[in-house]
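So the chains spell out like this:
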Amino acid sequence: MAETEIRDALRLIRSAHVGPITYHRLIARFHSAATALDALPELLQRGGAKSTVRVCSIAEAESEMEKCAAAGVRILSLQDKDFPPRLKHIEDCPPLLFVRGHVDLLAKKAVAVIGARNASTNGRRFAEKIAADLGHNGLLVVSGMARGIDASAHRG
């Protein structure tokens, strides 16, 4: 996907009232993020939006892309060959993935370890151990970036 297409996809998903399902429906209808962005304000007004619709600006999207590049983060779209194939089949899969590190790991079998942010000491210890055991047995452990269980899973 060209840099302008990534930028437009980023603008669309960062716009008000656009989550993953809406994003996918807009792309199915308009065939590109750029065309969907052009139609978005009118669609939202017709859908009952009461105030001015906030569409993510080009400057905001480019700034985010620059920050990603500076941090060594690669932005993958659904069309990217490295986008995890199993993830594509989820109805509300993220239209973009922000990846830092070994992109080839995305093709491995994975298990998610998630849980409470305010986890007990035992819960955090157990999450770390189970994640370590899963990793040692060839599975990729994925989790959010929250504190608590998620952070413990990453440590494991």
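Heads up: the structure comes first, above all this text.
Residues numbered from 1 in each chain as written. Predicted model: local features only at pLDDT ≥ 70, side-chain atom pairs only at ≥ 80, totals over all residues. Heavy atoms only, no water.

Engineer: Would you mind going over the nonpolar core in detail, with residue names and values included?
Structural biologist: Membership of the largest hydrophobic core comes to 23 residues, with the highest contact counts inside it found for L12, V18, L26 and L96. When residues of this core are traced back to their parent elements, those giving at least two are α1 (3–13), α2 (20–30), α3 (33–46) and α4 (58–70). Residue contributions to this core peak at seven residues, all from α3. Excluding its chain neighbours within four sequence positions, the residues that come into contact with L12 are V18, Y23, L26, I27, A33, A36, L37 and L40. Listed in part, the seven residues of the second largest apolar core include L76, L78, F83 and V103. (Core = buried A, V, L, I, M, F, W, Y, C linked by side-chain atoms within 4.5 Å. Buried < 20%, exposed > 50% of the residue type's maximum accessible area, 1.4 Å probe, protein only. Helix = DSSP H or I, 4+ residues; strand = E, 2+ residues; numbered from the N terminus. Contact = heavy atoms within 4.5 Å.)

Engineer: Mind laying out α3, listing which residues take part and the relevant values?
Structural biologist: Given a rise of 1.5 Å per residue, 14 residues ought to cover 20 Å, and the 19 Å separating the end C-alpha atoms of α3 matches this to within 8%. Residue A39 marks the point of greatest curvature in α3, where the axis turns by about 45°; the proline P41 follows within four residues. Taken together, the buried residues of α3 touch α1 and α2. With its phi angle positive at about 105°, G48 sits one or two positions after the end of α3. (Expected span 1.5 Å × (residues − 1). Bend = angle between axes of the 7 residues up to and from the residue.)

Engineer: Let's hear about the packing of α2 against α3: which residues, and what values?
Structural biologist: Here α2 crosses α3 at 110°, and the two axes come no closer than 9 Å. One finds that α2 runs roughly perpendicular with respect to α3. For the pair α2 and α3, contact is made by L26, I27, R29 and F30 and by A33, T35, A36, A39, L40 and L43, respectively. Along the lines of polarity and charge, the residues of the contact of α2 with α3 split into eight nonpolar, one polar and one charged. (Axes fitted to C-alpha atoms, helices over the stretch in contact; angles between N-to-C directions. Parallel < 35°, antiparallel > 145°, perpendicular 65-115°, else oblique. Nonpolar A, V, L, I, M, F, W, Y, C, P; charged D, E, K, R; others polar.)

What is shown is where atoms sit, not what they do.
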